[in-house]
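# Structural overview
For reference, the chains in residue letters:
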Amino acid sequence: MTSVEHSPLTRKLSAFVALSQVELAVLERLHQRRRTFVARREMVHQGQSAQAAYILSGGWVCSYKRQTDGTRQIVDFQVPGDFLGLRSVLLRTSDHSFEPIVDIEAAEVMTRDLLEAFALTPRLATAILWAASRDEAMVVEHLVGIGRRDADARMAHFLLELGSRLALVGMGGKDGFDCPLTQYHLADTLGLSAVHVNRVLRQLRENGLVTFRDGHVTFDDYGGLVKLAEFDPAYLDQTGPLLK
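Residues numbered from 1 in each chain as written. Predicted model: local features only at pLDDT ≥ 70, side-chain atom pairs only at ≥ 80, totals over all residues. Heavy atoms only, no water.

In the annotation of an unreviewed UniProt entry, the chain is listed under the name Crp/Fnr family transcriptional regulator and assigned to Meridianimarinicoccus roseus.

Encoded structure:
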């Protein structure tokens, strides 16, 4: 058994493919350059080139685009098991920035090592493509949320998605999950003001649906929250391995 066998990334990819020992050994090599990063200091900045990708093994990261007036739009949050900067490595230049929300642990993956892993293990390459496709599907849902969902449904959908993502790597479930996000993070993600975020969370709590307090999200009425958000997790594709 390799040390990477129960890593968040392995748990995540196992939702798509039953990884062989050879594929696990390649994943082990991709985890060799382990690093730590402190909170609130950019790992990668918008426009940066010649960078590495990272596999997040502990902590939370936000990815965002900074505007010329200093404001930002958070594109997504990365949780353990996610890649950081995968697209930017292949496109050579990062189109957005990455910043740890808390102190994190991540494995640095050089472009040559990633391409070698793809060449050696096509099934693993397909699994990583699945993970990237899943990330794209989440961005689509976020666009729909900002453009078409009202604030209550937008917040509910986002929290349910986070819960499902964390459940995949053993860090959450239908009861809830630990969450280091502030109301400012939620505002920059959902296109709301911090004041509006506070109002929405209070309304959802008073309606007995969800409580976000002291760094923890509690689903008080999971079914009711799903109904409010019209949340269908099919786009997360977590029902079991497609490749055996």
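From this point, the discussion proceeds with the structure in view.
### Digging into the side chain of Asp82
With respect to the helices and strands, the residue Asp82 is situated in the loop between strand E4 (72–78) and strand E5 (83–84). Among the residues examined, Asp82 registers a relative accessible area of 4% and is labelled buried. From its side chain, Asp82 meets the backbone nitrogen of Val79 in a polar contact 2.9 Å long. One polar contact links Asp82 to Arg165, side chain to side chain, over a distance of 2.7 Å. Sequence-distant contacts of Asp82, defined by excluding residues within four places in its chain, comprise Lys12, Tyr54, Ile55, Leu56, Phe77 and Arg165. (Helix = DSSP H or I, 4+ residues; strand = E, 2+ residues; numbered from the N terminus. Buried < 20%, exposed > 50% of the residue type's maximum accessible area, 1.4 Å probe, protein only. Polar contact = N/O pair within 3.5 Å; in protein donor to acceptor, adjacent residues only side chain to side chain. Contact = heavy atoms within 4.5 Å.)

### Observations concerning helix H8 (residues 194–206)
The end-to-end C-alpha separation of H8 is 18 Å, in line with the 18 Å expected for 13 residues at 1.5 Å each. What H8 keeps buried is the set Val197, Val200, Leu201 and Leu204. The arc that holds the buried residues of H8, viewed along the axis, is 95 degrees, so those residues lie on one side. Looking at H8, the residues exposed on the side facing more than 90 degrees away from the buried face are Val195 and Glu206. Residues of H8 that are buried in the fold lie against helix H6 (151–168), helix H7 (183–190), strand E9 (210–213) and helix H9 (222–229). Gly208, located one to two residues past H8, shows a positive phi value of around 75 degrees. (Expected span 1.5 Å × (residues − 1). Arc of directions from axis to C-beta.)

### Some words on the UniProt feature "domain: HTH crp-type" (unreviewed entry) in the chain
Mapped onto this numbering, the UniProt entry annotates "domain: HTH crp-type" (unreviewed entry) at residues 149–223. Its end C-alpha atoms 18 Å apart, residues 149–223 is made of 55% helix and 15% strand. (UniProt positions renumbered as here; feature names shortened; annotations may be inferred.)

### With respect to a nonpolar patch on the surface
There is a patch of nonpolar side chains on the surface, built from Val75, Val139 and Leu143 and spanning about 230 Å² of accessible area. Among the structural elements, Leu143 can be located in helix H5 (residues 122–148). (Patch = residues over 30% accessible without salt bridge, like charges linked within 9 Å, V, L, I, M, F, W, Y side chains within 5 Å. Areas by Shrake-Rupley, 256 points an atom, 1.4 Å probe, with all protein chains shown as cover. Salt bridge = Lys/Arg side-chain N within 4 Å of Asp/Glu carboxyl O.)

### Side note on the pairing of strand E3 (residues 61–66)
Within a regular strand, the side chains alternate between the two sheet faces. As judged from the six bridges shared by E3 and E4, these two strands associate in the antiparallel manner. Within E4, the position partnered with Val61 by the bridge is Gln78. The turn joining E3 and E4, which pair antiparallel and follow one another in sequence, is formed by five residues; a positive phi near 95 degrees is taken by Gly70. (Pairing = 2+ DSSP bridges.)

### Quick look at the pattern of salt bridges
Considering all chains together, one arrives at nine salt bridges under this definition. Close ionic contact of Arg72 with Asp188 constitutes a salt bridge, the shortest N to O distance being 3.0 Å. With Arg72 in strand E4 and Asp188 in helix H7, the pair connects residues that are 116 residues apart, well separated along the chain. For Arg72, a relative accessible area of 17% puts it in the buried group. Residues Glu141 and Arg149 are paired through a salt bridge, measuring 2.6 Å at the closest nitrogen-oxygen approach. By relative accessible area, which is 17% here, Arg149 ends up buried. Among the charged side chains, a salt-bridge network with shared partners connects Lys12, Asp76, Asp82 and Arg165.

### A short note on the packing of H5 against H6
Between H5 and H6, whose axes approach to 10 Å, the crossing angle comes to 165 degrees. The angle between the axes of H5 and H6 places the two elements in the roughly antiparallel class. Considering the relative orientation of H5 and H6, their crossing is left-handed. Residues Arg134, Met138, Glu141, His142, Gly145 and Ile146 of H5 form the contact with H6, whose own contacting residues are Arg154, His157, Phe158, Glu161, Arg165 and Leu168. (Axes fitted to C-alpha atoms, helices over the stretch in contact; angles between N-to-C directions. Parallel < 35°, antiparallel > 145°, perpendicular 65-115°, else oblique. Left-handed = near helix turned anticlockwise from the far one by under 90°.)

### Notes on the packing of H6 against H7
Between H6 and H7, whose axes approach to 11 Å, the crossing angle comes to 110 degrees. Comparing the axis directions of H6 and H7 gives the class roughly perpendicular. Seen from H6, the contacting residues are Arg154, Met155 and Phe158; seen from H7, they are Leu186, Thr189 and Leu190. When grouped by side-chain class, the residues that make up the contact of H6 with H7 number four nonpolar, one polar and one charged. (Nonpolar A, V, L, I, M, F, W, Y, C, P; charged D, E, K, R; others polar.)

### Things to note about the nonpolar core
General note: in soluble globular proteins, nonpolar side chains tend to be found buried as a group. The biggest cluster of nonpolar side chains holds 37 residues, and the ones touching the most others in it are Trp60, Met155 and Leu181. For this core, the elements supplying multiple residues, two or more each, are E3, E4, H6, H7, H8, E9, strand E10 (216–219) and H9. Sort the elements by how many residues they give to this core and H6 lands first, with eight residues. The two domains that each donate at least three residues to this core are domain 1 (2–134) and domain 2 (136–236). Membership of the second largest hydrophobic core comes to 24 residues, among which are Phe16, Leu30, Ala127 and Leu168. (Core = buried A, V, L, I, M, F, W, Y, C linked by side-chain atoms within 4.5 Å. Domains from an automatic or database assignment.)

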